[in-house]
Structures are given as structure tokens and as C-alpha cells.
Number of protein chains: 2
Amino acid sequence: MATPEQQAFHDELVGHRLILPSGVPGVWARSDAFESVLQRFDGRVRALAAADGAERLHFPPVIPRRLLEHTGYLDSFPHLAGTVFSFTGSEVQSRELSRRVHAGEPWAELQTQTDVALTPAACYPVYPMLRGVLPEGGRTLEVQNHCFRHEPSGDPARLQLFRMHEVIRAGQPEAVIAWRATWLERSLALLRSLELDAHAVHASDPFFGRAGKMLAASQKEQGFKFEIVVPIASEEPTAICSFNYHQEHFGKLFEIALPDGSVAHTACLGFGLERVTLALFRRHGLDAREWPAAVRPALDG
Amino acid sequence: MATPEQQAFHDELVGHRLILPSGVPGVWARSDAFESVLQRFDGRVRALAAADGAERLHFPPVIPRRLLEHTGYLDSFPHLAGTVFSFTGSEVQSRELSRRVHAGEPWAELQTQTDVALTPAACYPVYPMLRGVLPEGGRTLEVQNHCFRHEPSGDPARLQLFRMHEVIRAGQPEAVIAWRATWLERSLALLRSLELDAHAVHASDPFFGRAGKMLAASQKEQGFKFEIVVPIASEEPTAICSFNYHQEHFGKLFEIALPDGSVAHTACLGFGLERVTLALFRRHGLDAREWPAAVRPALDG
């Protein structure tokens with residue numbers, strides 16, 4: 001459910017044709033004016049990652065379903081995950097499928113689960129690619145991808161499909177922790193150069209259920225996750241960048257080793273590109289051509 | 001199933017780290033070297049579309065499931081469509097889901113069909129946006145998106161998720177037909193400037209089942225669909241660009257009208273971006289830095 005303030009912002013965005021509703025909550029098209037701002041910000045992140053020596057990889061917006069199963073994602077976030085189902089039946093069954101579709105009857109049971117799932121976070125398909133022994137100094141990678149979260153909402157800042165630009169580091173624990181601290185400063189500086197009121201806070205993942213609430217509280221206490229939040233259209237500021245330190249989780253799971261044979265640690269940070277774009281429109285107005293003179297060069301780098 | 005030639009090309013691409021297998025047939029990551037070629041070709045199509053006055057829109061890689069149902073896609077291509085399923089159960093059911101995942105047991109029945117489906121062709125979400133009366137002269141639009149086809153294959157030119165750059169025209173029948181002919185010449189010229197051995201052929205869609213074979217034969221005869229084919233790694237050349245004339249199909253379905261009140265006709269053309277990129281690597285070699293001097297400026301426009 002959207003708050004009145006979120007609904008009003010949504011309607012303003014639609015009125016300015018920055019976003020075009022699809023009829024499904026959390027799924028909308030973007031105009032070129034919206035996309036242009038998003039791409040320019042994305043270019044700034046790409047430049048920072050390149051300066052950091054990150055290797056760019058490019059993934060489609062699906063991952064092997066096996067990866068979702070293997071990483072424990074379904075234990076923590078079963079409600080957010082999406083898998084792809086297709087029809088694999090006979091011609092007779094296809095006629096039944098058509099009949100049901102035209103009659104407006106349920107037809108889900110005529111599809112079966114395929115081997116692919118929607119990408120839950122841009123970094124997920126990266127870890128299996130790191131299997132083996134890392135080079136001295138570890139590795140830094142960079143990806144940008146569409147991610148899926150099944151949480152239909154009228155809040156324009158809560159999409160079912162949204163893009164995440166992530167930088168991933170694998171290496172020694174101290175190196176990974178120091179890298180994350182550097183990127184926190186770097187990210188705050190980038191966002192503040194765009195005159196966004198950006199702050200870092202300790203955070204937790206949206207674990208499922210009552211047991212999940214305890215996991216979230218413990219995660220927040222341990223300081224393994226923090227976020228950068230900015231005002232968009234909620235009472236509380238909205239997270240637009242997230243930093244996660246996984247310790248040995250992915251290193252163990254995918255057998256990523258340091259040169260001395262010990263398990264590599266990993267961390268990642270991800271910018272939510274639609275959210276950053278929305279924050280900029282919220283802060284500077286819905287016509288990017290009229291933004292403050294200082295913001296435009298900061299966006300173009 | 002891939003032929004030995006397709007398998008050999010796949011292995012070469014992997015050997016040169018242009019593509020990185022995910023473990024699922026038809027789903028792979030791309031290196032920056034692969035992606036850079038794809039983006040440069042994409043830029044050429046974008047420039048042609050801009051010169052044509054096309055309005056760019058940007059969609060996520062999912063559409064409302066209702067759109068798939070409403071357009072008849074499931075009558076013709078039930079085997080290719082993919083819908084998204086998510087878990088919407090209780091905490092007790094989530095524990096059962098976890099148990100099954102860890103035991104390697106089927107867990108599909110614990111998910112339910114959501115309101116979204118994977119985008120079957122980049123142009124699909126455009127037509128509902130055209131509802132109403134078109135301006136004098138009609139409209140031209142442009143989109144680029146990931147599309148899903150459930151046809152797992154070891155052929156590197158047959159992906160489950162691939163990008164399509166489409167240009168869409170809605171207007172009077174004669175205008176739409178003339179526009180399609182212009183774009184056929186334009187597209188052939190673009191591909192030939194890259195020294196690809198490109199030819200136009202009459203074509204048909206991959207309709208499902210035996211009845212589908214008859215539909216396909218009739219479609220081919222009527223000349224409503226043609227494709228540009230180039231050699232990649234099959235005995236027959238592979239389609240890398242497809243032109244479709246829908247006549248009144250989408251105009252009727254989404255009530256798209258001409259200024260005189262009659263139903264608008266639509267046509268579209270789409271470049272398969274991964275296939276164009278593969279065709280270029282096949283033709284000119286796996287190291288783009290060593291491509292003929294004439295090809296590089298043609299790619300950069």
C-alpha cells in the first residue's frame with residue numbers, strides 16, 4: 001500500500017510522463033527523460049568502479065534456479081523470490097490452456113517450473129564465477145542488472161523489477177572491510193555532490209516471518225549491513241545504496257579461496273538506480289533541464 | 001540440441017571468455033569485450049531510429065500477465081511463454097519450502113502464479129500505450145529489452161533470455177507498409193556495412209504444434225513476416241532481424257485509431273542483439289581489436 005504522499009508523488013511522475021503505469025503495481029515504463037538521468041548516474045558509478053580496477057561482467061535478468069536453491073535465498077526471502085514457469089505439455093493440453101485463458105479461468109497448473117529464476121540481486125550470479133583460488137590482492141567485479149522482488153506496491157520507490165548497479169569484492173577479510181569503508185565514503189560523496197541529503201545507517205535485510213524479525217535485529221546489531229538513505233516520498237528516508245559484508249558465506253558455498261588456501265571473504269555494494277533517479281527528481285524537480293547548475297555537471301562526471 | 005558446429009563455436013566463445021556459461025543451456029553471461037560490440041551496434045540502430053523520429057520508451061523485462069493473455073500469445077506460442085511464480089504462503093509453509101529445497105525435493109507447488117510474465121518480444125508492452133487516436137502521420141516508437149523464450153539449447157545463437165532492439169510503427173496501412181520497406185533497405189545496408197552476408201527471406205513464426213505448422217505455412221505465403229538472415233554457426237543462415245506486419249491485430253485489440261476513426265495498422269522490426277554480435281565475431285574473428293579497418297568505423301557510426 002502506498003501512503004498518500006507516495007501516491008501523490010506517483011501521480012506527479014505520471015503527470016509529467018516520467019513513468020508510465022502498466023496496470024500492475026510496481027511495474028512501470030520510463031520515458032527517455034527519466035532514463036537519461038538514470039543512465040548518467042549509472043555512468044558515474046561505472047567510472048568509480050573502473051577507477052577501482054573492477055572487471056565488468058554482464059548477466060541476463062535470470063539466474064539458474066539451482067543458484068537460488070543453493071545460496072539459502074529461499075530460507076530467508078521465500079516471499080521475494082520469483083521463478084519462471086513455462087508450458088511443456090501436449091497439443092491437447094495447449095488447447096485446454098487456450099480455452100481457460102479465453103474463459104478467464106486459472107491456468108497456472110498447466111505450467112511447470114523451469115530451470116531459471118529471476119535475478120534476486122545483481123551480484124548473485126557473480127559468486128559462482130569466482131570459484132577457485134583468487135589472485136594476490138583478490139578480485140573486484142562490477143555488474144548492473146534488473147532484479148526482481150515480489151512486493152507489489154503503489155509506492156513509486158518500490159518496484160517489482162528494478163536495476164541495481166553493484167560492485168563486488170572478494171579477498172582477505174581486512175582488505176574487504178577496508179574496501180567497503182572506502183566505498184561508503186565514495187558513495188556518500190557522489191550522492192552529496194548531487195545535493196542529495198544522504199546518510200549512512202545500520203540496516204537489516206527483509207527476512208521473512210516472525211523468526212525473520214529476530215534475524216534482522218541480530219544482523220543490525222552485528223553491523224554487517226548498512227545503507228545510504230535519502231528522502232524520497234516516505235516519512236522515513238529511503239535506502240538507495242546498500243553495503244553487505246558476507247564474511248565467509250559465499251566463499252564457503254562456492255569454494256573461493258585465498259592464495260594461502262583459506263576461505264575468501266566477500267562484500268558488495270549496490271545502488272538502486274530507479275530509487276536514485278526518483279530521489280533526484282524529488283529533490284530538484286520533475287524537469288531535469290531546470291535542475292541547479294551545479295547538479296548537472298556532477299551527474300555527467 | 002546443438003549441432004557439432006554450434007557446439008564448437010560455443011566452446012570457442014567460452015575459450016576466448018566472450019561468453020561465460022551459467023550451467024543452464026541458453027543462459028550465459030557476457031564479457032565486457034562481447035558487450036562492447038553489442039552496445040556499439042545497438043547505438044547504430046538507435047541512431048537510425050532517432051533519424052526516423054522514433055520516441056524511445058524503456059520497459060522492465062516483465063509485462064503484466066494479463067497482456068500475454070489478452071494478445072493471443074498463449075494460443076500461438078504457449079511453449080515459449082514464461083510467467084513468474086512466487087511464494088505467498090504462511091510461515092509454516094515457508095519452513096516446508098526450505099525443507100524441500102534442502103532435501104532436493106520438488107517445491108514448485110508451493111509457489112503461485114503472479115501478475116507478471118516475462119516479456120516475449122520487446123514491442124509487446126508498447127501497443128497498450130498507443131490506445132486512443134493517433135496523431136496525423138501516426139507514431140513511431142523504439143524500445144530495447146530482454147525477451148524470454150523457453151527453448152533451452154546449446155546453440156550459442158539460441159538464448160532463453162536475449163535482447164531485442166525494436167522499432168514500431170502505427171498508422172495508415174500504406175504508410176506502415178512503405179515504412180517497413182524503407183527499414184528493410186536501411187537494415188540490410190547497416191548489416192552489409194559491417195561486411196555481414198545479409199539477405200532478406202520470407203519467414204514464419206514458431207507456432208506451436210501440428211496446427212501451428214499450417215499457420216506458419218500460410219503466414220509465409222502471405223508475406224506478412226520477413227527476416228534478415230546471416231551465417232552464424234548453422235547449416236542454414238540464422239535470422240538476426242525480423243519484420244512483422246500485424247495489419248489490424250493490435251489496432252483492434254488496443255483500440256488504436258487513425259484520425260478518421262478507422263483502425264490503425266501496426267508493424268515492427270527487431271534486431272536480435274546477441275545474434276548480430278555473434279554473427280560479427282563469427283565473421284571477423286573472436287578478437288574485435290583485430291577486425292578489418294572498415295568494420296570498426298561502421299560499427300561506431
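Calculation notes
Residues numbered from 1 in each chain as written. Chains lettered and ligands numbered in written order. Predicted model: local features only at pLDDT ≥ 70, side-chain atom pairs only at ≥ 80, totals over all residues. Heavy atoms only, no water. Helix = DSSP H or I, 4+ residues; strand = E, 2+ residues; numbered from the N terminus. Buried < 20%, exposed > 50% of the residue type's maximum accessible area, 1.4 Å probe, protein only. Contact = heavy atoms within 4.5 Å. Lys, Arg positive; Asp, Glu negative; His and termini not counted. Charge placed at Lys NZ, Arg CZ, Asp CG, Glu CD. Phe/Tyr/Trp six-rings, centres within 6.5 Å; stacked < 30°, edge-to-face > 60°. Pairing = 2+ DSSP bridges. Axes fitted to C-alpha atoms, helices over the stretch in contact; angles between N-to-C directions. Buried area = accessible area lost by both parts, 1.4 Å probe. Salt bridge = Lys/Arg side-chain N within 4 Å of Asp/Glu carboxyl O. Polar contact = N/O pair within 3.5 Å; in protein donor to acceptor, adjacent residues only side chain to side chain. Least-squares fit on C-alpha atoms with pLDDT ≥ 70 in both. Domains from an automatic or database assignment. Nonpolar A, V, L, I, M, F, W, Y, C, P; charged D, E, K, R; others polar.

## Some remarks on the overall build of chain A
Step number 1: When its secondary structure is counted, chain A shows 10 helices and 14 strands.
Step number 2: Considering chain A as a whole, with its 301 residues, one finds that 57% of them fall into the buried category.
Step number 3: Taking the intrachain contacts of chain A between residues at least 6 apart in sequence as the baseline, contacts between residues at least 24 apart amount to 69%.
Step number 4: For chain A, the distance from the average position of its 30 positive side-chain charges to the average position of its 36 negative side-chain charges is 1 Å.

## Quick look at the packing of aromatic side chains
Residues and elements named next belong to chain A.
Step number 1: Enumeration according to the criterion identifies 29 aromatic pairs over all chains in this entry.
Step number 2: Between Phe-41 and Phe-271 the ring centres are 5.4 Å apart and the planes differ by 75 degrees, which places this aromatic pair in the edge-to-face class. Within this pair, whereas Phe-41 is found in helix H2 (residues 32-51), its partner Phe-271 is found in strand E14 (residues 265-272), the two being separated by 230 residues in sequence. For the pair shown, Phe-41 and Phe-271 are each scored as buried.
Step number 3: An angle of 85 degrees between the planes, with centres 5.8 Å apart, marks the rings of Tyr-124 and Phe-250 as edge-to-face. Taken together, the residues Tyr-124 in the loop between strand E6 (112-118) and strand E7 (132-133) and Phe-250 in helix H8 (residues 249-253) connect sequence positions 126 residues apart. The exposure classification of Tyr-124 matches that of Phe-250, with both residues buried.

## Thoughts on the sheet that holds E6 of chain A
Step number 1: On the basis of which strands lie adjacent, the open sheet formed by six strands has the order E4(A)-E6(A)-E5(A)-E5(B)-E6(B)-E4(B) and antiparallel pairing. Edge positions in the open sheet fall to strand E4 (62-64) of chain A together with strand E4 (62-64) of chain B, since each of these has one partner strand only. Averaged over all pairs of adjacent strands, the angle between strand axes in this sheet comes to 50 degrees, irrespective of strand direction.
Step number 2: As paired elements, E4 of chain A and E6 of chain A share three bridges and run antiparallel to each other. Within E6 of chain A, the position partnered with Val-62 of chain A by the bridge is Leu-118 of chain A.

## A few points about the interface of chain A and chain B
Step number 1: With 60 residues of chain A at the interface, the matching set in chain B holds 60 residues.
Step number 2: Buried area between chain A and chain B, both sides added, is near 5100 Å², and the carbon and sulfur share of it is 64%.
Step number 3: A per-residue breakdown of the area chain A buries against chain B is headed by His-58, Glu-91 and Trp-107 of chain A, which together make up 12% of the total.
Step number 4: Viewed at the interface, chain B and chain A are joined by four salt bridges.
Step number 5: As a salt-bridge pair, Glu-91 of chain B and Arg-210 of chain A come within 3.3 Å of each other at their nearest N and O atoms.
Step number 6: Where chain A touches chain B, the interface holds 22 residue pairs in polar contact (both at pLDDT 80 or more).

## Section: the relation of the copies chain A and chain B
Mapping between the two chain copies consists of a rotation about an axis together with a translation along that axis.
Step number 1: Taken as rigid bodies, chain A and chain B are interconverted by a rotation of 180 degrees and an axial shift of 0.0 Å, the fit giving an RMSD of 0.0 Å. This pairing of chains is accounted for by a two-fold axis. Closest to the rotation axis within chain A is the C-alpha of Val-84 of chain A, separated from it by 2.4 Å.
Step number 2: A shared binding surface is used by both copies, with 100% of the interface residues of chain A retained as interface residues in chain B.

## Some remarks on the side chain of Arg-100 of chain A
Residue and element names in this part refer to chain A.
Step number 1: Within the element layout of this structure, Arg-100 appears in helix H5 (residues 91-103).
Step number 2: For Arg-100, a relative accessible area of 14% translates into the label buried.
Step number 3: A distance of 3.2 Å separates a polar side-chain atom of Arg-100 from the backbone oxygen of Pro-106.
Step number 4: Excluding residues within four positions of it along the chain, Arg-100 makes contact with Glu-105, Pro-106, Trp-107, Glu-109 and Leu-110.

## Topic: unusual backbone geometry
Residues and elements named next belong to chain A.
Step number 1: A positive phi angle, near 55 degrees, is found at Arg-17, a position not held by glycine.
Step number 2: Tracing the backbone through its elements, the reader meets Arg-17 in the loop between helix H1 (4-15) and strand E1 (19-21).
Step number 3: Note on Arg-17: relative accessible area 46%, which makes it partly exposed.
Step number 4: Positive phi is not limited to glycine here, since Gln-247 has a value of about 50 degrees.
Step number 5: With a relative accessible area of 30%, Gln-247 lands in the partly exposed category.

## Description of the sheet that holds strand E10 (residues 199-202) of chain A
Step number 1: A sheet is described by the order of its strands in space; here nine strands give the open sequence E10(A)-E11(A)-E12(A)-E14(A)-E9(A)-E8(A)-E3(A)-E2(B)-E1(B), paired in mixed fashion. The sheet terminates laterally at E10 of chain A together with strand E1 (19-21) of chain B, the two strands that pair on one side only. Shown here is a sheet whose adjacent strand axes are inclined to one another by a mean of 25 degrees, direction ignored.
Step number 2: With six bridges joining them, strand E12 (residues 238-247) of chain A and E14 of chain A adopt antiparallel strand pairing. Within E14 of chain A, the residue paired with Tyr-245 of chain A across the bridge is Ala-267 of chain A.
Step number 3: Of the strands in this sheet, strand E8 (139-148), strand E9 (161-171), strand E11 (225-230), E12 and E14 of chain A touch helix H9 (residues 273-284) of chain A, which is tilted by about 40 degrees from E14 of chain A.

## Focus on the domain arrangement of chain A
All names here are of chain A.
Step number 1: Assigned domains within chain A: domain 1 (4-82 + 120-300) and domain 2 (84-117).
Step number 2: Inter-centroid distance (C-alpha atoms) of domain 1 to domain 2 is 34 Å.
Step number 3: Counting residues at the interface gives seven residues for domain 1 and six residues for domain 2.
Step number 4: Buried area between domain 1 and domain 2, both sides added, is near 530 Å², and the carbon and sulfur share of it is 50%.
Step number 5: Taken as a group, Val-62, Arg-65 and Gly-82 account for 78% of the area that domain 1 buries against domain 2, more than any other trio of residues on that side.
Step number 6: Our enumeration of links across domain 1 and domain 2 arrives at one salt bridge.
Step number 7: Taking the shortest distance from any N to any O, the salt bridge between Arg-65 and Asp-115 comes out at 3.6 Å.
Step number 8: Between domain 1 and domain 2 we count three residue pairs in polar contact (both at pLDDT 80 or more) in total.
Step number 9: Broken down by secondary-structure element, the contributors of at least two residues to the side of domain 1 that touches domain 2 are E4 and helix H3 (65-70).
Step number 10: By residue number, the principal contributor to the side of domain 1 that touches domain 2 is E4, which donates three residues.
Step number 11: Among the residues making up the side of domain 1 that touches domain 2, the classes are represented as five nonpolar, one polar and one charged.

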